[in-house]
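Observations on the three-dimensional arrangement
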Amino acid sequence: GFQAEADKVRTHGVVTAEVAAELTGERRGSHYMAGLLHNVGRLILFRVASQHGMAQLPTDDLFEKSAKISYAGLGVLVARSWRLDDAVAAGIGFHPCPEDAPRPHQQIAKVVRASQIAASAAQLAIAGVSLEGIDPAQEISNLGFDPMKAINKAQTVYKNMSAIEDDTEEDTPSN
């Protein structure tokens, strides 16, 4: 019931990770991993919500409201169960509110937040959705990062991923 949404979360994670790498100059490492996994809690919620035997799937509104308050915490549990370091867990858990992170981990939470904002803004722009009343560039700047660098990287990654998907679809034999 949530496959399309899960695919979007995975793609968004890749884009967020690539932007985090761009902003930090760290090709792979804690920032990249935290960006990649920042929404992993949503994937867990999708999985649970779509289990066979449920009498009825939750409404989109109910699911989104529930996810909003629990996905980051679930992501921290995943990071800890996979034995990822505290920085990755903090980047996942505190990206919605980096200022709430313990002081040693505020920077990684800010990187993930800025990268996630850039990825979301790029995704909406590519889809032609207006951002009326929302200024992602200002939000990214307020976190201490170059918004154009972040948003341009996000757009490039989304476009590259789209081109790869298009090539894959053309190579797939039809029945």
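This write-up is about the structure you can find in this document. Source: prediction; values computed, not measured.

Under the criterion given, the structure shown has six salt bridges. Across the pair Arg-28 and Glu-18 runs a salt bridge whose closest N-O atoms are separated by 3.8 Å. With a gap of 10 residues between them, Arg-28 in the loop between helix H1 (3-24) and helix H2 (30-37) and Glu-18 in helix H1 connect regions that are remote in the sequence. Overall, Arg-28 belongs to the partly exposed group, its relative accessible area being 46%. As a salt-bridge pair, Glu-139 and Arg-113 come within 3.9 Å of each other at their nearest N and O atoms. Separated by 26 residues along the polypeptide, Glu-139 in helix H7 (residues 136-142) and Arg-113 in helix H6 (residues 106-127) bring together distant segments of the chain. Residue class for Glu-139 comes out partly exposed when judged on its relative accessible area of 32%. The class for Arg-113 is partly exposed, based on a relative accessible area of 23%.

Attention now moves to the packing of aromatic side chains. For the coordinates displayed, the defined rule picks out zero aromatic pairs. The ring of Tyr-32 carries the charged tip of Arg-28 above its face, separated from the ring centre by 4.0 Å. Above the ring of Tyr-71, the side-chain terminus of Arg-42 is found at 4.6 Å from the ring centroid.

So, on to the environment of Gln-116. Position of Gln-116 among the secondary structure elements: in helix H6. The buried category is assigned to Gln-116, whose relative accessible area is 14%. Residues Gln-116 and Pro-96, spaced 20 residues apart in sequence, show a C-alpha to C-alpha distance of 9.3 Å. The contacts of Gln-116, once residues within four sequence positions are left out, are His-12, Thr-16, His-38 and His-95.

So, on to the nonpolar core. Counting residues in hydrophobic clusters, the biggest one holds 19 residues, and the most contacted among them are Val-15, Val-19, Ala-118, Ile-140 and Phe-145. Elements supplying a minimum of two residues to this core: H1, H6 and helix H8 (147-171). Sequence-distant contacts of Phe-145, defined by excluding residues within four places in its chain, comprise Leu-23, Gln-107, Lys-110, Val-111, Ala-114 and Ile-140. Counting residues in each nonpolar core, the second largest holds 11 residues, with Ala-34, Leu-37, Val-78 and Ala-79 among its members.

Take the side chain of Gln-106 next. Within the element layout of this structure, Gln-106 appears in helix H6. A relative accessible area of 15% means that Gln-106 is categorised as buried. For Gln-106, the residues in contact, after removing those within four places along its chain, are Pro-98, Glu-99 and Ala-101.

About the criteria used
- Residues numbered from 1 in each chain as written.
- Predicted model: local features only at pLDDT ≥ 70, side-chain atom pairs only at ≥ 80, totals over all residues.
- Heavy atoms only, no water.
- Salt bridge = Lys/Arg side-chain N within 4 Å of Asp/Glu carboxyl O.
- Helix = DSSP H or I, 4+ residues; strand = E, 2+ residues; numbered from the N terminus.
- Buried < 20%, exposed > 50% of the residue type's maximum accessible area, 1.4 Å probe, protein only.
- Phe/Tyr/Trp six-rings, centres within 6.5 Å; stacked < 30°, edge-to-face > 60°.
- Lys NZ or Arg CZ within 6 Å of the ring centre and 35° of its normal.
- Contact = heavy atoms within 4.5 Å.
- Core = buried A, V, L, I, M, F, W, Y, C linked by side-chain atoms within 4.5 Å.

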